[in-house]
Each structure stands twice: as C-alpha cells, then as structure tokens.
Amino acid sequence: MISLRGVLRENIVGMLRARRKPNARPAFSKVRALAGAALIGTGYAWASSRNPELVVLGVLPVTLVVSLGTFLAVREGSIALLKAARRWERLFYRPRPFLLVSRFVFKVQENYRVLSVASLLVAVIVSAVGAVYAVYAVEGSAPSLRLALFNGVFVSLVFFAAACSLLYFRLFTEIDEDRRYFRRLAEAGLTGGELRRLAATQNAVLFLVPFLIGLVHSTFAMKALGTLLTSASIAAGLGTVAIGWQVAAAYFAAYLVCFSATHALYRRSLGEDLSKSD
C-alpha cells in the first residue's frame, strides 16, 4: 500500500509532466541488480523454510525485502534485457522488435515503478485468495471461515481494481504522445494492421510482465503457507502451491478481460490510423 501510494502520488503526476522532459537512456547498475537479486533470493529462501516458527517470524521481513528487491530487479532487469535485445541483431533489426525495444528503452524509468507495484498487487491478490481458500478447505465450512473467505475475495477485488487502474493510467497519461508516435509511423508507411499489432504487443508486455512476476512471488508465499498448514493437514500443506496456481488461473481470466477492455479503449483513443485496413 505504501508503494502504491508512492506511485499514485509521484509516478502518475510525473508521467503527466514527463512530456516536458527529454527522455534519457537509462544506465544499468550491477550493484542495484545484484542487490535486487539478493533481496528476492533471500526472501524466497526464507519463505521456503520448513520451520513454521521461522516462516511466521519472516512474514514482515520477507514482504519488505521482496518488495524492495522487486523494484531494483525490474528496473535493472528491464535495462539488461533491452540491451541484450539490441545486441541480438537477427531479432532487433526486424521492424516490430526494433520499434518496441527502441521505444521501451526510453520508457524504463516511467515503466519500472508501475510494473513493480502491479506485480506486487498481483502477488497479494493470488496469495490472499489462495491462503483463505486453502485454510477454508482444511478447516471445513465454519461460518467464521466463510466470512474470512468473503473478506479475502473482497480485499482481492479492491487490489485487482487498483492493479487495473494503475496500468490503465500508465497507458493513458501519454496518449497524446502515443498518437503522434503512431501517426508518424503511419506516415512512414506502416499499415493499419502493423500499427495494431505493434500497439497490442506493447500493451501486452505492460500487462503480462507484472502478472508473471506476481505469480512467482505468490508461489513462494503459498509454499510458506503450506509449511504452516502441515501440522493441520499434510495433504493440504503440500497442495497450497497448486491452490495458488488455480487461483492465479481464475485471476488471469479476469485480468485478460481487463487487458482487452483497456486495449480496446487505447486503440479507439489513438484515432483513425489504427483503424485503417491493410
């Protein structure tokens, strides 16, 4: 929630002002990359402990170190992957990869905060619903657990709305710049179909990357829950990761609806260039 507040206060306002600032190519930092990997690795290792007491003590520290590590790893990982793509000449010098990589290189600074927060929101959603569902399955159908399941789903819906809203704002705060960008590509000879595929790929990256990162985070969270549930039911303890993936599959279906609706609005907002037939 602190990260989300920071993004809403700083990043969205910053994106609204970003058109006034020249974009600079971001520099890769090995120190930040190693720090991010170490923080996430430490959190995952702690969450994977078979000691229930250690898992309980690590709930807050693991959450903090993984969250911080996510911000560092997403930024430096984005820069490293984009640099690698630029060096892969057989891929980079194709029209669509060339345009996407070149565009993403100068948007790393704006994108990494949003991608990081969105991935943490996805992790919270999958972990919360998966945890409540797993406990519900173990303990039976007591009224208190039904209420807990309802509360877990309700809170997750709030976080789902936050994640979708965050990604929506990321796309639409620069819609005027994007219109000019796609108009220039159309004037350069790209067809309507090529522009639509370019826009779809760009938006799919912004939506799918947070989901994949959040899925990995939630997998380790559900693994930690399995350790805590082992004393109550060995079968339930071993099955928590599978429950988490089932929840993630259901969430992904809703996430695709969100992506489809947002992308449709984005295409419509770009104007007639994307509506032209090949």
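Above this text you will find the structure in question.
Note that this is a predicted model, so its numbers are computed, not measured.

Calculation notes
- Residues numbered from 1 in each chain as written.
- Predicted model: local features only at pLDDT ≥ 70, side-chain atom pairs only at ≥ 80, totals over all residues.
- Heavy atoms only, no water.
- Helix = DSSP H or I, 4+ residues; strand = E, 2+ residues; numbered from the N terminus.
- Buried < 20%, exposed > 50% of the residue type's maximum accessible area, 1.4 Å probe, protein only.
- Phe/Tyr/Trp six-rings, centres within 6.5 Å; stacked < 30°, edge-to-face > 60°.
- Lys NZ or Arg CZ within 6 Å of the ring centre and 35° of its normal.
- Core = buried A, V, L, I, M, F, W, Y, C linked by side-chain atoms within 4.5 Å.
- Contact = heavy atoms within 4.5 Å.
- Axes fitted to C-alpha atoms, helices over the stretch in contact; angles between N-to-C directions.
- Left-handed = near helix turned anticlockwise from the far one by under 90°.
- Nonpolar A, V, L, I, M, F, W, Y, C, P; charged D, E, K, R; others polar.

**Student:** Hey, could you go over the overall build of the chain for me, with residue numbers and the actual values?
**Tutor:** Tallying secondary structure elements over the chain gives 12 helices and 0 strands in all. Within the chain, buried positions represent 43% of all 278 residues.

**Student:** Explain the packing of aromatic side chains to me, and be specific about the residues and the numbers.
**Tutor:** Summed over the entire model, instances satisfying the criterion amount to 12 aromatic pairs. Their ring planes at 80 degrees and their centres at 5.9 Å tell us that Tyr168 and Phe169 sit as a pair that is edge-to-face. Given the relative accessible area of 32%, Tyr168 is considered partly exposed. When the ring of Tyr251 is compared with that of Tyr255, the centres are 5.4 Å apart and the planes differ by 35 degrees; the resulting orientation is tilted. On the criterion of helical spacing, the pair formed by Tyr251 and Tyr255 is a turn pair, its members being 4 residues apart in helix 12 (residues 240-270). Site record: aromatic cluster; members linked through ring pairs are Phe160, Phe207, Phe211, Tyr251, Phe252, Tyr255 and Phe259. When the ring centre of Tyr181 is taken as origin, the NZ or CZ atom of Arg103, which lies over that ring, is 4.0 Å away.

**Student:** Any details on the nonpolar core? Residues and values, ideally.
**Tutor:** Grouped burial of nonpolar side chains is what soluble globular proteins tend to show. Within the largest apolar cluster, 55 residues are counted, with the highest numbers of intra-cluster contacts made by Phe182, Tyr251 and Tyr266. Breaking this core down by element, the ones donating at least two residues are helix 4 (59-87), helix 6 (95-105), helix 7 (108-139), helix 8 (143-172), helix 9 (175-187), helix 10 (192-229) and helix 12. By residue number, the principal contributor to this core is helix 7, which donates 13 residues. Ignoring sequence-local partners within four residues, the contact set of Tyr251 consists of Val122, Ile125, Val126, Phe160, Ala163 and Phe211.

**Student:** Any details on the packing of helix 9 against helix 12? Residues and values, ideally.
**Tutor:** To describe two helices that pack against each other, one gives the angle between their axes and the distance between the axes. At their nearest, the axes of helix 9 and helix 12 sit 9 Å apart, and the two run at 65 degrees to each other. Taken as a pair, helix 9 and helix 12 cross one another with a handedness that is right-handed. From helix 9, Ile175, Asp178, Arg179 and Phe182 reach across to helix 12, where they touch Tyr266, Ser269 and Leu270. When its residues are assigned to classes, the contact of helix 9 with helix 12 shows 4 nonpolar, 1 polar and 2 charged.

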